[in-house]
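Now for the letters of each chain:
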Amino acid sequence: MVSSSPSVADVGTLIPVTFREAAMDAMRAIRVAAATATLAAATMTSVTLGTGAALGAPPAAVVPDVGQPAAVVQPVDLGGLPGIASNGASAINDRGDIVGSGYNDPYSGHGFRWSRGVLTALPDTARAPFKINDAGQVAGNQPGRFYSPGFVIRPDATVVSLGFSVVDQGGNGQVLGTGPVTGGGTHAQLWREGHTFDLGAPAGYTSEARAISDNGWILGEVRRSDHQDGYDARWVQGRWVALPTNGFGADINGRGDVVGWSSTPSGDTHATLWQGNRAIDLDPQDPLSTAVAINDAGQILGSTFDPVTDLGHILLWDQGHRIDLGTFGGQFARPIALNGRGDVVVLTSTAAFRWSHGRTVRLAGSGVPTAINNRGQVVGTILRPGGTSHAALWN
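Residues numbered from 1 in each chain as written. Predicted model: local features only at pLDDT ≥ 70, side-chain atom pairs only at ≥ 80, totals over all residues. Heavy atoms only, no water.

Caption draft 1: How the structure looks around the overall build of the protein. Looking only at helices and strands, one finds 1 helix and 34 strands in the protein. Counting all 395 residues of the protein, 58% fall into the buried class. Just so you have it, the protein exposes about 15,300 Å², and 52% of that area is on carbon and sulfur atoms. (Helix = DSSP H or I, 4+ residues; strand = E, 2+ residues; numbered from the N terminus. Buried < 20%, exposed > 50% of the residue type's maximum accessible area, 1.4 Å probe, protein only. Areas by Shrake-Rupley, 256 points an atom, 1.4 Å probe, with all protein chains shown as cover.)

Written out as structure tokens, the structure reads:
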């Protein structure tokens, strides 16, 4: 699930020259977090991938280009914090509770919560919230120039300061992040039920957190202290277990399946699924594909870029079939979010859209969407006259 307002850029930036840049940009596109959230970059080497017979098959369906959607959904203006010019929503839970932030500059965030029609300012110890689970627990970071310490707001409204920067929160209340350790370097860290656990790293290595599933599967990166070597890994039974082939893992689901991308010996970038001890090439015929999110049903969201037409396409893998959702009528199409029932949120050069099982609606209001819940409600930011912005909800 990383800025509070994703920038509108060509989908080609999802496939930059270096994998470090690719990793950073795709994570920004799919995970909504505070502007200061810490992201891990990928150090990758060329690998030869195995091809899954079903997932690696040619497209089973190509959805017609949806530049002219059948319906338009108007935004609900949630308002903003008084005296703050830029306000935006960053997360929504399945009860419809929303959190977000307002900024006058990148380092003066002010958090808010919107619930049942009322927008309430959060305390100064909770300035940039970007996660809220169904129990009402909120997680986020305190904006800083060099280090952004995290926080948790418990359901009883108690604010807990954390000794690490938050990157994700699970549905059961586990909060994952990365923080400094004695002697230098960083370790992935986990907060659970009032206690912080250092997930450690092998001798001579550091670790960084990347994602956690609702039921507690953890994805991270382990790299040598001199940054010359590293690998992505799952946290399994108290230790980091490397993915079976090298690559960049972007997301993990409740079965421990990881999606992302890897490079081939020829230098192509292929969307990849790591399932158990297998690496499955999701797109063996496409030289520029990535996967950025996976839900517990195994549906996978990604994108590709066609260098011939100079257009970006959204991809969805569902039940072993690759579905090309098209360009949504834009020069680029960037995947923003995937929920548990397979609904997709997309941002293009001209508009934002929600796609749900073959039906596309345009999210009106010059909006930038950031998250979706399992009821299909989308939150984000809408522009207002005079260059200001408000948090918004599309039902």
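That was the structure; now back to the text.
Caption draft 2: A look at the packing of aromatic side chains. Enumeration according to the criterion identifies 4 aromatic pairs in this entry. Pairing Y205 with Y231 gives two aromatic rings, centres 6.3 Å apart and planes at 55°, and the pair type is tilted. Of this pair, Y205 sits in strand β16 (residues 205-212) while Y231 sits in strand β18 (residues 230-236), and the two are 26 residues apart along the sequence. With a relative accessible area of 22%, Y231 lands in the partly exposed category. In this arrangement the basic side chain of R192 is found over the ring face of F197, its NZ or CZ atom lying 4.8 Å from the centre. (Phe/Tyr/Trp six-rings, centres within 6.5 Å; stacked < 30°, edge-to-face > 60°. Lys NZ or Arg CZ within 6 Å of the ring centre and 35° of its normal.)

Caption draft 3: Seen up close, the sheet that holds strand β10 (residues 150-153). Reading across from one edge, β8-β9-β10-β11 is the order of the 4 strands in this open sheet, with antiparallel pairing throughout. Two strands bound the open sheet, and with one partner strand each, they are β8 (128-132) and β11 (159-161). Neighbouring strand axes in the sheet, compared pairwise and without regard to direction, differ in orientation by 25° on average. Sheet topology places β8 next to strand β9 (residues 138-141); 4 bridges connect them, and they run antiparallel. Counterpart to A128 in the pairing with β9 is N141. (Pairing = 2+ DSSP bridges. Axes fitted to C-alpha atoms, helices over the stretch in contact; angles between N-to-C directions.)

Caption draft 4: Broad picture of the nonpolar core. The biggest cluster of nonpolar side chains holds 18 residues, and the ones touching the most others in it are L301, I314, L325, F328 and V344. Of all the secondary-structure elements, those providing two or more residues to this core are β20 (248-252), β24 (289-294), β26 (311-318), β27 (321-326), β28 (333-338), β29 (344-348) and β30 (352-356). If you look at the next biggest cluster of nonpolar residues, it comprises 15 residues, including A337, L347, V368 and V378. (Core = buried A, V, L, I, M, F, W, Y, C linked by side-chain atoms within 4.5 Å.)

Caption draft 5: Structural context of the pattern of salt bridges. Under the counting rule described, the total for this entry stands at 12 salt bridges. Residues R210 and E221 are paired through a salt bridge, measuring 3.7 Å at the closest nitrogen-oxygen approach. Here R210 is found in strand β16, whereas its partner E221 is found in strand β17 (residues 218-224), with 11 residues between them in sequence. Comparing R210 with E221 shows no difference in burial state: the two are buried. The network of salt bridges with shared partners includes R95, D97 and R113. (Salt bridge = Lys/Arg side-chain N within 4 Å of Asp/Glu carboxyl O.)

Caption draft 6: Local environment of the sheet that holds strand β31 (residues 359-363). Strands sit in the order β2-β31-β30-β29-β28 across an open sheet of 5 strands; the sheet is mixed. The open sheet is flanked by β2 (71-73) and β28, the only strands paired with a single partner. When strand polarity is set aside, the average angle formed by the axes of neighbouring strands in this sheet is 30°. One ladder, built from 3 bridges, connects β2 with β31; its direction is parallel. From the neighbouring strand, V72 faces β31, where its bridge partner is R362.

Caption draft 7: A look at unusual backbone geometry. Notably, R116 is not glycine yet its phi reads approximately 55°, a positive angle. Among the secondary structure elements, R116 is positioned in the loop between β6 (110-115) and β7 (118-121). Phi is positive for D310, close to 65°, though the residue is something other than glycine. On the secondary structure map, D310 appears in the loop between β25 (300-306) and β26.

Caption draft 8: Molecular detail of the side chain of R234. Checked against the element boundaries, R234 lands in strand β18. D257 provides the closest opposite charge to the buried, unpaired R234, separated from it by 5.5 Å. Engagement of the side chain of R234 in a polar contact is seen with the backbone oxygen of G256, the distance being 2.7 Å. Looking at R234, its side chain comes within polar contact range of the main-chain oxygen of W274, at 3.0 Å. Non-local contacts of R234, meaning those with residues more than four positions away in its chain, are made with W217, I218, R239, W240, V241, L243, I252, G256, V258, W274, Q275 and G276. (Lys, Arg positive; Asp, Glu negative; His and termini not counted. Polar contact = N/O pair within 3.5 Å; in protein donor to acceptor, adjacent residues only side chain to side chain. Contact = heavy atoms within 4.5 Å.)

Caption draft 9: Representation of the pairing of β17 in the model. Summarising burial for β17: 6 of the 7 residues are buried, a large majority. Taken together, the 7 bridges between β16 and β17 define a ladder with antiparallel strand orientation. For E208, the partnering residue across the bridge sits in β17 and is E221. Connecting β16 to the antiparallel partner β17 that follows it, the hairpin turn spans 5 residues, and G216 within it adopts a positive phi of roughly 105°. Inspection of the sheet shows β17 paired to β18 by 6 bridges, in the antiparallel sense.

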